[in-house]
Amino acid sequence: MPETADPIPDPADLDATRGLLAAGDPERRLHPIGMRAIRIGGHALDDLPALVADLGRPGPVVILGDATTMRRGREDLKALVVERLAPSRETRRVTIGTGRPELHADEDALAEAAAAIVDAGCVVSVGSGTMTDIAKAATFATGGLPLIVVQTAVSVNAFSDDMAVLVRNGVKRTVPSRWPDALVIDLQVIAGAPPEMNRAGFGELASMFTAPADWYLAGALGMDPAWMAAPVDLFRRGGEELLVAAGAVRANEAGALALLARLMTLSGIALGVAGSTAPISGTEHIVSHLLDMDAEAAGRPLAFHGAQVGVAAIVAALAWQETLETFDPDAVDPDAFDPDPTAVEANVRAAFGRLDETGAAAEECWRDVERKLERLRSVRPAVRRFLRDWPRHKAALRSLTVDPGVLAAAVGRAGAPTRFSDLDPAVGPGLAQWALGSCHLMRNRFVLADLRALTGTWTSADVDRLLTRAASIGAGL
Ligand SMILES: [Zn+2]
């Protein structure tokens with residue numbers, strides 16, 4: 001674990017965050033933070049009318065939400081938002097996804113939201129990650145209407161970046177979207193969120209101990225030239241404090257929720273400025289996406305994203321530990337980094353062909369993986385350098401990862417699931433093994449599972465061994 005003497009930045013101080021990023025980015029490669037205001041506090045909602053006055057254009061304020069009842073203290077949150085804004089502005093409250101069992105950020109939801117905001121001068125979205133992604137995508141598609149996001153749980157980091165996770169052809173894809181103009185995190189609202197959502201947020205942040213290592217690996221191998229330490233450092237310096245706060249997250253303590261809100265916001269900013277989700281989305285996130293794809297194909301409800309990420313992050317931490325202990329660069333044939341595309345395509349179709357009758361999901365995955373293979377063919381010199389410099393990379397990777405037992409214990413103390421079978425709905429052994437074993441076949445992102453697959457150490461026997469080790473620390477199946 002790295003030294004964490006540096007204080008966690010206050011994301012509400014956008015200029016300070018910009019300064020930190022600039023200091024670590026001498027070549028100015030990072031994207032600018034496109035948000036104009038962040039409010040985090042026990043009374044942050046009080047600032048909403050001023051933010052609307054500041055950022056909105058002429059026209060009605062459209063308040064977008066789903067059908068879920070949300071509260072701030074004893075009050076109905078959405079009614080309260082209308083009540084706060086109505087004295088100064090024409091307001092219209094719109095519920096997206098009525099009549100559907102579960103709201104997804106799919107084509108139907110986007111069309112509904114787009115129709116609702118045609119004449120809006122400002123959009124205020126009130127809800128969790130899916131609602132925020134719908135509002136971002138809909139306002140992005142209609143030319144960037146002013147958007148103020150009222151975050152209602154610290155469940156995911158979708159609130160403070162310029163991307164959206166949308167469902168296309170039944171496959172979850174993170175696509176470019178827009179930054180919210182303002183983000184409002186009222187801690188009284190957060191405290192009233194379902195506890196399992198905030199606890200899932202702890203699982204989402206567990207990815208800070210695995211994904212940055214995946215991203216570093218991709219950078220070192222030339223697979224992702226965007227790797228940079230500065231965005232990771234924004235949130236990773238809060239790692240120690242996060243692990244310590246686990247029990248307080250379970251108890252819904254105000255200080256712990258504020259910490260989650262800060263780290264979640266910083267991690268969102270990190271991926272926004274990096275221009276990809278890679279800083280905090282690696283193996284653990286792909287596993288979660290695969291579980292979602294399977295659930296959607298089967299018509300099952302989805303477990304909380306962060307809960308899935310937390311469970312998968314523990315297994316990913318184990319895979320990192322094992323790799324750092326056993327990887328032998330002298331035993332690696334650089335030719336292994338140029339696999340036969342026909343064989344990989346067959347693996348992709350074998351993994352995902354069952355998800356739909358048309359094979360569209362497998363096709364979508366193969367298109368992405370094919371690009372990854374193309375890039376692999378061009379990075380041979382970087383691979384050779386990586387193998388030669390393994391001791392240096394090993395030290396850097398070790399500083400980005402965590403002891404899996406420590407992580408499993410913290411996720412458990414936070415009240416988030418540590419096992420696939422603890423997810424709601426439960427994920428069975430076959431599905432968990434499939435998601436772990438297939439995660440390198442889904443998208444154009446190089447993660448640890450890719451290195452392991454290329455070097456022949458990501459077989460079903462390898463996955464089973466990791467799951468057995470996970471069981472010994474209270475995680476895994
Ligand atoms: Zn996530």
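Per-chain numbering applies: the sequence of each chain, read as written, is numbered from 1 onward. Only residues with pLDDT of at least 70 are given local features in this predicted model, and only at 80 or more are side-chain atom pairs given and counted; all residues enter the totals for whole chains, interfaces and linings.

Enquirer: Lay out the environment of I286 in plain terms, naming residues and giving numbers.
Expert: Counting through the fold element by element, I286 comes out in helix α13 (residues 283-298). The exposure class of I286 is buried, given the 25 C-beta atoms found within 10 Å. We call two residues in contact if the C-beta atoms placed from their backbones are at most 7 Å apart. For I286, the residues in contact, after removing those within four places along its chain, are C439, M442, R443 and V447. Put simply, DSSP marks the helices as runs of H or I at least four residues long and the strands as runs of E at least two long, and each gets a number from the N terminus on. Think of it as a crowd count around each C-beta: if 20 or more other C-beta atoms lie within 10 Å the residue is buried, if 12 or fewer it is exposed, and in between it is partly exposed, with C-beta placed from the backbone throughout.

Enquirer: For the sheet that holds strand β6 (residues 122-127), give the residues involved together with the corresponding values.
Expert: Strands qualify as paired when DSSP identifies two bridges or more between them. As summarised here, the arrangement of the six strands in space is β1-β10-β7-β6-β2-β5, forming an open sheet in which the pairing is parallel. Every other strand in the sheet has two partners, leaving β1 (37-41) and β5 (91-95) as the edge strands with one partner each. Looking at each pair of strands side by side, their axes are set apart by 15° on average, direction ignored. Direction of pairing for strand β7 (residues 147-151) relative to strand β10 (residues 182-186): parallel, over a ladder of three bridges. Every angle, taken between N-to-C directions, lies between 0 and 180 degrees, and every axis is a line fitted to C-alpha atoms, over only the stretch in contact when it is a helix.

Enquirer: With reference to specific residues and values, describe the environment of T401.
Expert: Mapped onto the elements of the fold, T401 is located in the loop between α18 (390-400) and α19 (404-413). Among the residues examined, T401 registers 23 C-beta atoms within 10 Å and is labelled buried. Expressed as a C-alpha distance, the spacing of T401 and P212, which sit 189 residues apart in the sequence, is 8.1 Å. Leave out the neighbours within four places in its chain, and T401 touches F209, T210, A213, A317 and W320.

Enquirer: Account for helix α4 (residues 107-116), naming residues and giving values.
Expert: The set of residues buried in α4 consists of A109, L110 and A113. Down the axis of α4, the sector holding all buried residues measures 100°, keeping them to one side. For α4, exposure combined with an orientation more than 90 degrees from the buried face picks out E107, A111 and A115. Tucked inside the fold, the buried residues of α4 contact β2 (61-65) and α5 (129-141). This arc corresponds to the set of directions leading from the helix axis out to the C-beta atoms.

Enquirer: Lay out the packing of α13 against helix α14 (residues 305-326) in plain terms, naming residues and giving numbers.
Expert: At a minimum axis distance of 7 Å, the contact between α13 and α14 shows a crossing angle of 135°. Relative to α14, the element α13 is oriented oblique. The interaxial crossing formed by α13 with α14 has right-handed handedness. Between α13, through T283, E284, H285, V287, S288 and L291, and α14, the contact on the second element is made entirely by H305, Q308, V309, A312, A313, A316 and A319. The residue inventory of the contact of α13 with α14, partitioned by class, reads seven nonpolar, five polar and one charged. Throughout, the term roughly parallel applies to angles under 35 degrees, roughly antiparallel to angles over 145, roughly perpendicular to angles from 65 to 115, and oblique to all others. Take the far helix as the reference: if the near one is turned anticlockwise from it by less than a right angle, the crossing is left-handed, and if turned clockwise, right-handed. Three categories are distinguished: nonpolar for Ala, Val, Leu, Ile, Met, Phe, Trp, Tyr, Cys and Pro, charged for Asp, Glu, Lys and Arg, and polar for the others, with Gly belonging to the last.

Enquirer: Go over the domain arrangement of the protein with me, naming the residues and quoting the values.
Expert: Here the limits of each domain have been adopted from an automatic or database domain assignment. Each assigned domain of the protein is listed with its residue range as follows: domain 1 (31-193) and domain 2 (198-471). Summarising the inter-unit geometry, the C-alpha centres of domain 1 and domain 2 are found 28 Å apart. Sorting the residues of the side of domain 1 that touches domain 2 by element identifies β1, β9 (171-176), β10 and α6 (187-191) as the ones contributing at least two each. The residue inventory of the side of domain 1 that touches domain 2, partitioned by class, reads 17 nonpolar, eight polar and four charged.

Enquirer: Can you lay out the pairing of β10 for me, pointing to particular residues and giving the numbers?
Expert: Most of β10 sits inside the fold, with five of its five residues counted as buried. Of the two faces of β10, the one carrying A182, V184 and D186 and the one carrying L183 and I185 are both buried. As paired strands, β1 and β10 are joined by five bridges and run parallel to one another. Considered in β10, the bridge of I38 is made with L183.

Enquirer: An account of the nonpolar core is needed here, citing residue identities and associated values.
Expert: Ranked by size, the top nonpolar core spans 165 residues in total, and within it L260, I314 and V315 carry the most contacts. Sorting elements by how many residues they give to this core places helix α12 (residues 254-274) first, with 13 residues. Composition of this core by domain shows at least three residues from each of domain 1 (31-193) and domain 2 (198-471). The residues contacting I314, other than those within four sequence positions of it, are P404, L407, A408, V411, T418, A470 and A475. Definition of nonpolar core: a set of buried Ala, Val, Leu, Ile, Met, Phe, Trp, Tyr and Cys residues joined via C-beta atoms within 7 Å.

Enquirer: Would you mind going over helix α20 (residues 429-438) in detail, with residue names and values included?
Expert: Considered for burial, the residues of α20 that qualify are A432, W434, A435, L436, G437 and S438. For α20, the secondary structure elements touched by its buried residues are α13, α14, α15 (341-352) and α22 (460-471).

Enquirer: Explain unusual backbone geometry to me, and be specific about the residues and the numbers.
Expert: D424 connects to P425 through a cis peptide bond whose omega is 0°. Within the secondary structure layout, P425 lies in the loop between α19 and α20. Positive phi is not limited to glycine here, since R28 has a value of about 55°. Tracing the backbone shows R28 in the loop between α1 (14-23) and β1. The backbone of N252 shows a phi angle near 60°, a positive value even though the residue is not glycine.

Enquirer: Kindly report on the environment of A109, identifying the contributing residues and their values.
Expert: Mapped onto the secondary structure, A109 falls in helix α4. Residue classification places A109 among the buried residues on the basis of 23 C-beta atoms within 10 Å. Taking the C-alpha atoms as reference points, A109 and L80, separated by 29 residues in sequence, lie 24 Å from one another. If we ignore the near neighbours within four places in the chain, the residues touching A109 are I96, G97, L103, H104 and I134.

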